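An overview of the molecular structure
These are the residues of each chain, in order.
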Amino acid sequence: MPKVTILPDEKILSRTLAAQLVAALREKPDLVLGLPTGRTPIRLYHELGARYAKGEADLSRVTTFNLDEFLGVGPEHPGSYHAFMQEHLFARVNVPPRQINILNGAASDPAEECARYESAIVAAGGIDLQLLGIGTNGHIGFNEPARELAGKTHRVVLKASTRRSNAALFGGSEANVPREALSMGMATILRARRIIMIATGKSKAGCVNRMVNGPITTRMPASFLQLHRDVELMLDEPAAGELSVVGSG
Ligand code: GLP
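Residues numbered from 1 in each chain as written. Predicted model: local features only at pLDDT ≥ 70, side-chain atom pairs only at ≥ 80, totals over all residues. Heavy atoms only, no water.

Observations concerning the sheet that holds strand β4 (residues 68-70)
Strand order in this open sheet of three strands is β4-β8-β7, and the pairing throughout is antiparallel. A strand with exactly one partner marks an edge of an open sheet, and here the two such strands are β4 and β7 (154-157). The sheet shows a mean angle of 30 degrees between the axes of neighbouring strands, taken without regard to direction. Examined bridge by bridge, β7 and strand β8 (residues 180-183) share four bridges and lie antiparallel to one another. Its bridge partner being in β8, R155 is matched across the sheet by L182. (Pairing = 2+ DSSP bridges. Helix = DSSP H or I, 4+ residues; strand = E, 2+ residues; numbered from the N terminus. Axes fitted to C-alpha atoms, helices over the stretch in contact; angles between N-to-C directions.)

Examining the environment of A160
Relative to the elements of secondary structure, A160 occurs in helix α5 (residues 160-165). Judged by relative accessible area, A160 falls into the partly exposed class, the value being 41%. As a C-alpha pair, A160 and A175 span 15 residues in sequence and 9.7 Å in three-dimensional space. (Buried < 20%, exposed > 50% of the residue type's maximum accessible area, 1.4 Å probe, protein only.)

Things to note about helix α4 (residues 110-123)
Taking 1.5 Å of rise per residue, the 14 residues of α4 would be expected to cover 20 Å, and the 20 Å separating its terminal C-alpha atoms lies within 8% of that figure. The set of residues buried in α4 consists of P110, E113, C114, Y117, E118, A120 and I121. All buried residues of α4 lie within an arc of 160 degrees about the axis, which places them on one face of the element. Across from the buried face of α4, at angles greater than 90 degrees, the exposed residues are A111, E112, V122 and A123. Against the buried residues of α4 lie β3 (63-66), β5 (100-101), β7, β8 and α6 (186-190). Measuring from the side-chain oxygen of the N-cap residue of α4 to the backbone nitrogen of A111 gives 3.2 Å; that N-cap residue is D109. Just downstream of α4, G125 is the residue with a positive phi angle, here 95 degrees. (Expected span 1.5 Å × (residues − 1). Arc of directions from axis to C-beta. Contact = heavy atoms within 4.5 Å. Polar contact = N/O pair within 3.5 Å; in protein donor to acceptor, adjacent residues only side chain to side chain.)

Structure below.
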């Protein structure tokens, strides 16, 4: 069962997690970090940037792997997760560009790009700490609810609800959001040595409860985190609002 930590609000949650990350970096300066996009981690990334600016954090030896990217979208596209990460994190801290890994959505051979990414994670020694968000339908990365889930980094067809929630990156129009994406697979994510999922706001309360207390099912990809031995769920109070039983770690 995941350890569940409930914090009063998003601001305190982001500060608490940033402090934990800074401590983890002191312990292992060459940490391999898995990173999410979405609205949820933005405050955390800015907080890390603020700590770096104050001289409290050094990310010069960190290697990062992002979870996913839209298909057909190159790194310079303003709606890409490359652009998102640059704006919210990498422009604010000192991770050397050669240590930043994000799937190339514009790769001429997407299957080869996915295989390359898997090998790069292995070559880096695996992911030490994977940060995750959760989609309201229970997706992690872009692993959407389905009859079957893929283990490795792969190409996915996005659900309409996921495209809607990413519309802001594409001028507010769902129609402009790519229909497909590349994403780390479930096994790629579950191989991380440690996982911290963050969820904030009332809209996440239902999926958070199903993830913690529901059955492990491909219809709720995040439920597979129940099988991992080192998962922490950091929630603000609204996101914890529907938890029927709180896991004790
Ligand atoms: C996106 C990302 C996920 C993210 C999720 C939640 O589609 N691919 O990695 O966790 O949706 O996003 P948000 O934090 O905006 O709710």
